[in-house]
Amino acid sequence: MSNLRPDSVIACLDCPSHVQAVLNASLWAAKMLQAPVGLLHAAPSVHRKAAVDYSGCLVADDGNHLLNQLALEEKDSNGKLRDQGRLLLKQAESYCEQQQGRYQHHLYTVHRHASIAESLDYVDESAQLVVIGHQVTCKDTLSQLIRASRCPTLVTHETFKAPKTALFAFDNRPTCHALLDWLCSNALVRNTSLHVVMVGEENERNKDALREAYARLTQSGIQCKKALIEGRDVTAALMYYQQQHELDMLITGAFGESRLHEFLHGSNTRKLLSASRTPYLLYPRM
């Protein structure tokens, strides 16, 4: 039976160099959202795949002995993986208990003997937010995980500090409007100074859309500034603005462009995942 708690912040402990940052980011998010923290460790089983069929090459006794030996080795390897996972979860739980201070987080563990993708799919519908390290295995894998997710994802680098400022990249697409609704409906960025930035032509349509987004955020109690900047390269424009204003976090919709746009011009989400050096909050495509 699943021990998942609804609306949890899920800390994905997949990369040793990012574990502490993921825990710190999860504790911050859980405090803001007043949510339980699920500590997730995903470790796939050890599988041995034979590229060549060796049946008939060994006499029956030798063949059975080899198969038994391989089975024992695999069982032993899987046992070590489970033990390592349990130890990691215990250490993570202890760290969170030491760090939580006044706000007492409800902590629980999720130990999955499955791939990261399968494990994230398992928690996807129950979670309120998934926190994951930037170097999962490679950037392409991280992009694939985020594209497949139906849950907002916070990506952190090897260190994390609670953001005091953030850049919300508003592009007036359906996913971004869903993200706007999400930001207004919870307290995640309620204590941050938010810059709502739109990259596009300086026309009345864009001005009106940006003005409406700004108004909704301020009405929900979020301190905001707004900016409409022209530029062809969205990634370069956003990165420049973030660096110039020294903003602590980036917030965008994930993979909001069409597949044709991605094929012709590349994905802004992939480019931003590669370029960003701060925590990056992505909202799933609608």
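*Asks:* Residues and numbers for the overall build of the protein, please.
*Replies:* Helix and strand content of the protein: nine helices and 10 strands. Across the 286 residues that make up the protein, the buried fraction comes to 49%. Put simply, the protein shows about 15400 Å² of open surface, and 49% of that area lies on carbon and sulfur atoms.

*Asks:* Kindly report on the pattern of salt bridges, identifying the contributing residues and their values.
*Replies:* In the structure shown here, the tally under the stated rule is seven salt bridges. Between R150 and E125 there is a salt bridge, with its nearest N and O atoms 3.7 Å apart. Note that R150 is positioned in the loop between α4 (139-148) and β5 (153-156) and E125 in the loop between α3 (116-123) and β4 (127-133), a separation of 25 residues in sequence. Residue E204 is joined to K207 by a salt bridge in which the shortest nitrogen-to-oxygen separation is 3.9 Å. Placement of both E204 and K207 in helix α6 (residues 204-219) is noted, with a separation of three residues, approximately one turn of the helix. Exposure remark for E204: the relative accessible area of 51% places this residue in the exposed category. Look at K207 and you get partly exposed, because its relative accessible area is 28%.

*Asks:* Any details on the packing of aromatic side chains? Residues and values, ideally.
*Replies:* To describe a pair of aromatic rings, one takes the distance between the centres and the angle between the planes. Scanning all chains against the criterion turns up three aromatic pairs. Aromatic side chains W28 and F160 sit 5.8 Å apart centroid to centroid with 50° between the ring planes, which places their arrangement in the tilted category. Here the residue W28 occupies a position in helix α1 (residues 19-33), and F160 occupies one in the loop between β5 and β6 (165-169), the gap between them amounting to 132 residues. Note on accessibility: W28 and F160 belong to one class, buried. Geometrically, the ring pair formed by W182 and Y283 is tilted, given 6.0 Å between the ring centres and 50° between the ring planes. Here Y283 lies in strand β10 (residues 280-283) and W182 lies in helix α5 (residues 174-185), a separation of 101 residues in the sequence. Under the relative-accessibility criterion, W182 is labelled buried at 13%. A cation sits over an aromatic face here: R112 above Y122, 3.8 Å from the ring centre. Over the ring of Y214 we find K226, and its NZ or CZ is 4.6 Å from the ring centre.

*Asks:* Could you give me a rundown of the packing of helix α7 (residues 234-244) against helix α9 (residues 268-275), with the residues and numbers involved?
*Replies:* Their axes nearest at 9 Å, the elements α7 and α9 cross at an angle of 35°. Here α7 runs over α9; the crossing is right-handed. Seen from α7, the contacting residues are V234, T235, L238 and M239; seen from α9, they are N268, K271, L272 and A275. Residue composition of the contact of α7 with α9, grouped by class: five nonpolar, two polar and one charged.

*Asks:* Describe in detail unusual backbone geometry, supporting the description with residues and values.
*Replies:* Non-glycine residue N172 carries a positive phi angle of around 65°. Checked against the element boundaries, N172 lands in the loop between β6 and α5.

*Asks:* Provide a residue-level description of the sheet that holds β5, including the pertinent values.
*Replies:* Spatially, β3-β2-β1-β4-β5-β10-β9-β6-β7-β8 is the arrangement adopted by the 10 strands of the open sheet, whose pairing is mixed. Where the open sheet ends on each side, the last strands, each with one partner, are β3 (107-112) and β8 (223-229). The mean angle between the axes of side-by-side strands here comes to 20°, regardless of whether they run parallel or antiparallel. Along the sheet face, α3 touches β1 (8-12), β2 (37-42), β3 and β4 and points at about 155° away from the line of β2.

Basis of the calculations
Residues numbered from 1 in each chain as written. Predicted model: local features only at pLDDT ≥ 70, side-chain atom pairs only at ≥ 80, totals over all residues. Heavy atoms only, no water. Helix = DSSP H or I, 4+ residues; strand = E, 2+ residues; numbered from the N terminus. Buried < 20%, exposed > 50% of the residue type's maximum accessible area, 1.4 Å probe, protein only. Areas by Shrake-Rupley, 256 points an atom, 1.4 Å probe, with all protein chains shown as cover. Salt bridge = Lys/Arg side-chain N within 4 Å of Asp/Glu carboxyl O. Phe/Tyr/Trp six-rings, centres within 6.5 Å; stacked < 30°, edge-to-face > 60°. Lys NZ or Arg CZ within 6 Å of the ring centre and 35° of its normal. Axes fitted to C-alpha atoms, helices over the stretch in contact; angles between N-to-C directions. Left-handed = near helix turned anticlockwise from the far one by under 90°. Contact = heavy atoms within 4.5 Å. Nonpolar A, V, L, I, M, F, W, Y, C, P; charged D, E, K, R; others polar. Pairing = 2+ DSSP bridges.

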